[in-house]
Amino acid sequence: MHFKLKRTIENKDIVPSKTVTEFHCGFRRMELKPIFSAETNPGSGSEKYRFMRFMRTDCSVVATAYCPIVFTPSKVLCFNRKVDEETGQLLPIGEVLATGVVMPPNPLRIILKRIILTGYPMKAHKKKAVVRYMFFDPKDIKYFKPVELCTKHGLRGHIK
């Protein structure tokens, strides 16, 4: 399920992805570990979202988690879990982190995460280069073959 959330003004806590939060959707209460993402092109029909490590305060965030289906006109309240300092137990309800709405369930949504590949340039000749120690498994090479790679200086290329 996907939830479009907006942070509340009162809460200033840092909320990383995959932390346990409590979601109230209508009469359902769920403890989830959502992954936060941002829309790449808001308003367009694209189904690609960019992974975010933390829930930001200045923009709306899409939280994605595995949970029972909740239908779209439903509102969402998101609470963080607080621990009592004296007893060390979880309090029944924490502070309100965010409010929002439920987005339509779509299993074809893609959450993109940028990774950095490093290697040792062995030799370069005209338009080709050999880079050592970038991959250690043939499955990784097969996975990254269709992807365009780019260097920090802006050069682009493919794996052959």
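Since this is a predicted model, take the numbers as computed values, not measurements.

**Considerations on the sheet that holds strand 9 (residues 110–112)**
Strand order in this open sheet of 9 strands is 3-2-7-8-1-6-4-5-9, and the pairing throughout is mixed. This sheet does not close on itself; its edge strands, each paired only once, are strand 3 (28–32) and strand 9. If you compare each strand with its neighbour and ignore which way they point, the axes differ by 35 degrees on average. Both strand 5 (residues 48–52) and strand 9 contribute to a ladder of 3 bridges, which runs parallel. Paired with Tyr-49 across the strands is Ile-111, a residue of strand 9.

**Examining unusual backbone geometry**
Here Lys-18, not a glycine, exhibits a phi torsion of approximately 65 degrees, which is positive. With respect to the helices and strands, Lys-18 occurs in the loop between strand 1 (2–7) and strand 2 (21–25). One non-glycine residue, Tyr-133, adopts positive backbone phi at about 60 degrees. By secondary structure assignment, the location of Tyr-133 is in the loop between strand 11 (128–132) and helix 1 (138–144).

**Some words on the confidence of the model for the chain**
Confidence in the prediction for the chain averages 81 pLDDT; 94% of positions are at 70 or higher. The least confident element of the chain is strand 12 (residues 149–150), whose mean pLDDT is 78; the most confident is strand 6 (residues 61–64), at 89.

**Side note on the packing of aromatic side chains**
If you walk through the whole model with that rule in mind, you get 2 aromatic pairs. Ring centres of Tyr-133 and Phe-136 lie 6.4 Å apart, and the angle between their planes is 25 degrees; this geometry places the pair in the stacked category. Both residues of the pair, Tyr-133 and Phe-136, belong to the exposed class.

**A word on the pattern of salt bridges**
Under the definition given, this model contains 1 salt bridge. For the salt bridge of Asp-58 with Arg-56, the shortest nitrogen-to-oxygen distance reads 2.7 Å.

**Topic: the layout of surface pockets**
Roughly 2,100 Å³ of volume is contained in the largest pocket. Taken together, 40 residues form the lining of the largest pocket, with Leu-117, Glu-148, Leu-149, Cys-150 and Thr-151 sitting closest to its centre. Only strand 5, strand 10 (120–125), strand 11, helix 1, strand 12 and strand 13 (156–157) provide two or more residues apiece to the lining of the largest pocket. A total of 4 residues in the lining of the largest pocket trace back to one element, the largest contributor, which is strand 11.

**Side note on the pairing of strand 5**
Where strand 4 (residues 35–39) and strand 5 come together, 4 bridges link them in antiparallel fashion. Along strand 5, the bridge assignment pairs Ala-38 with Arg-50.

**Description of the pairing of strand 4**
In terms of strand pairing, strand 4 meets strand 6 through 3 bridges, oriented antiparallel. By the bridge assignment for strand 6, Ile-35 is matched with Thr-64.

**Description of the state of the cysteines**
As used here, a disulfide is simply a covalent bond connecting the sulfur atoms of two cysteines. Under the defined criterion, the tally for this structure stands at 0 disulfides. Its sulfur unpaired, Cys-25 is 6.8 Å from the next cysteine sulfur, which belongs to Cys-67.

**Describing the side chain of His-24**
Within the fold, His-24 resides in strand 2. In this structure His-24 comes out as buried when scored by relative accessible area, which is 10%. Of note is the side chain of His-24, whose polar atom sits 3.0 Å from the side chain of Glu-22.

What counts as what
Residues numbered from 1 in each chain as written. Predicted model: local features only at pLDDT ≥ 70, side-chain atom pairs only at ≥ 80, totals over all residues. Heavy atoms only, no water. Pairing = 2+ DSSP bridges. Helix = DSSP H or I, 4+ residues; strand = E, 2+ residues; numbered from the N terminus. Axes fitted to C-alpha atoms, helices over the stretch in contact; angles between N-to-C directions. pLDDT = per-residue confidence, 0-100. Phe/Tyr/Trp six-rings, centres within 6.5 Å; stacked < 30°, edge-to-face > 60°. Buried < 20%, exposed > 50% of the residue type's maximum accessible area, 1.4 Å probe, protein only. Salt bridge = Lys/Arg side-chain N within 4 Å of Asp/Glu carboxyl O. 1 Å grid on protein atoms, 1.4 Å probe; cavity = no way out; pocket = protein on both sides within 12 Å on 5 of 7 lines; lining within 4 Å. Points joined across faces, edges and corners; volume = space filled by probe spheres on them. Disulfide = S-S within 2.5 Å. Polar contact = N/O pair within 3.5 Å; in protein donor to acceptor, adjacent residues only side chain to side chain.

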